[in-house]
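# Fold and contact review
Listed here are the chains, written in short residue letters.
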Amino acid sequence: VAALNSPPLTVFAADNKTLLGSEVDIARLVAESLGLEVNVVPTSWEDWPLGVTSGKYDAAISNITVTKERKEKFDFATYRKDSLGFYVKSTSPLSKIDKAEDIAGLKIIVGSGTNQEAILLAWNAENVKKGLKPFIPVYTKDDAAQTLAFFGPNVIGAWKAALTGKTKLVGSVDGGWPKAAHIAVTLKKDSGLVNAVQAALNGAIASGDYAKVLNRWGE
């Protein structure tokens, strides 16, 4: 799972070592269904692709979007629709960001190597062709510095907005823009694990255990 403090997906407990959150709970649901013990390993976003491919990790559960390119290297067991949100300061005059033209000239915080970055870059390319101002991507992991427009997982943005009231949602986009996309447990291609993991997830959904996780974390 992600090593960042990104509630409600991942959040450090009081000991500042143990990771909690909905992604961790989903890992536990899968493991329990398969009769396995789960070992939750916090790692960076940059590390999971090589880690899963090499077998260092059996699975990555880190808000990973299923994409055509990733399907070539990984197997996916889906569990949630991918929804991205644009969040700005509550006092910002910005009120709507939901299409390419809306980001022209803005500074937007986005994660490097993420699906949301790919969307912004595609929108920016459209804008440049039209003669509009380019947007400026801001890559920072410093939560306190995120006072500009933020584009990322809607669930993380919604948590922060509800917690502090200092930010507001001004637009949402499907993670697979222009199509819908899904978040999935990511596994090594042809490892043989994907069917078992998907069955475990489907079972947790059918039993109501998955809904309990979403409710526990306000999702």
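Another point: the sheet that holds strand β7 (residues 136-138). Spatially, the 5 strands line up as an open sheet ordered β7-β6-β8-β5-β9, and their pairing is mixed. Two strands bound the open sheet, and with one partner strand each, they are β7 and β9 (167-174). Within the sheet, the average angular offset between the axes of one strand and its neighbour, ignoring direction, is 30 degrees. As paired elements, strand β5 (residues 83-89) and strand β8 (residues 149-153) share 4 bridges and run antiparallel to each other. Counterpart to L84 in the pairing with β8 is P153. Together, β5, β6 (107-109), β8 and β9 form the strand contacts of helix α4 (residues 115-129), whose direction differs from that of β8 by roughly 130 degrees. Contacts between helix α5 (residues 154-164) and the sheet are confined to β5, β8 and β9, with β5 contributing the most and set at about 35 degrees to the helix.

Let us look at α5. Here α5 has its buried residues at N154, V155, I156, G157 and A161. Here the buried face of α5 lies against β4 (74-81), β5, β8 and β9. At the C-terminal side of α5, G165 shows a positive phi close to 70 degrees.

On to the sheet that holds β4. Strand pairing within a sheet occurs via backbone hydrogen bonds; the two strands may be parallel or antiparallel. Strand order across the open sheet formed by 3 strands is β3-β10-β4, with antiparallel pairing between neighbours. Strand pairing shows two members of the sheet lacking a second neighbour, β3 (59-60) and β4, which therefore form its edges. As paired strands, β4 and strand β10 (residues 182-188) are joined by 7 bridges and run antiparallel to one another. Paired with K81 across the strands is H182, a residue of β10. Helix α6 (residues 194-207) contacts β4 and β10 of the sheet and is inclined by roughly 10 degrees relative to β4.

Time to look at the pairing of β8. Within β8, 5 of the 5 residues are buried, leaving the element largely enclosed by the surrounding structure. Where β6 lies against β8, 2 bridges are found, and the strand directions are parallel. Within β8, the residue paired with I108 across the bridge is A149.

A complete count under the given rule lists 6 aromatic pairs for this structure. Look at F86 and W123: their rings are 6.0 Å apart centre to centre, the planes differ by 25 degrees, and that puts the pair in the stacked class. Separated by 37 residues along the polypeptide, F86 in strand β5 and W123 in helix α4 bring together distant segments of the chain. Here F86 and W123 have matching classes, each one buried.

Of all hydrophobic cores here, the largest spans 22 residues; its most connected members are I26, I61, A77, Y79, V185, V197 and L201. Mapped by element, the contributors of at least two residues to this core are α1 (22-33), β4, β10, α6 and α7 (209-216). Apart from the residues lying within four places of it in its own chain, the contact partners of Y79 are E23, I26, I61, N63, I183, A184, V185, L201 and Y210. Core analysis: the second largest hydrophobic core is formed by 17 residues, I103, I119, F135 and V173 among them.

Conventions adopted
Residues numbered from 1 in each chain as written. Predicted model: local features only at pLDDT ≥ 70, side-chain atom pairs only at ≥ 80, totals over all residues. Heavy atoms only, no water. Pairing = 2+ DSSP bridges. Helix = DSSP H or I, 4+ residues; strand = E, 2+ residues; numbered from the N terminus. Axes fitted to C-alpha atoms, helices over the stretch in contact; angles between N-to-C directions. Contact = heavy atoms within 4.5 Å. Buried < 20%, exposed > 50% of the residue type's maximum accessible area, 1.4 Å probe, protein only. Phe/Tyr/Trp six-rings, centres within 6.5 Å; stacked < 30°, edge-to-face > 60°. Core = buried A, V, L, I, M, F, W, Y, C linked by side-chain atoms within 4.5 Å.

Note that all results are geometric; they support no functional claim without further evidence.
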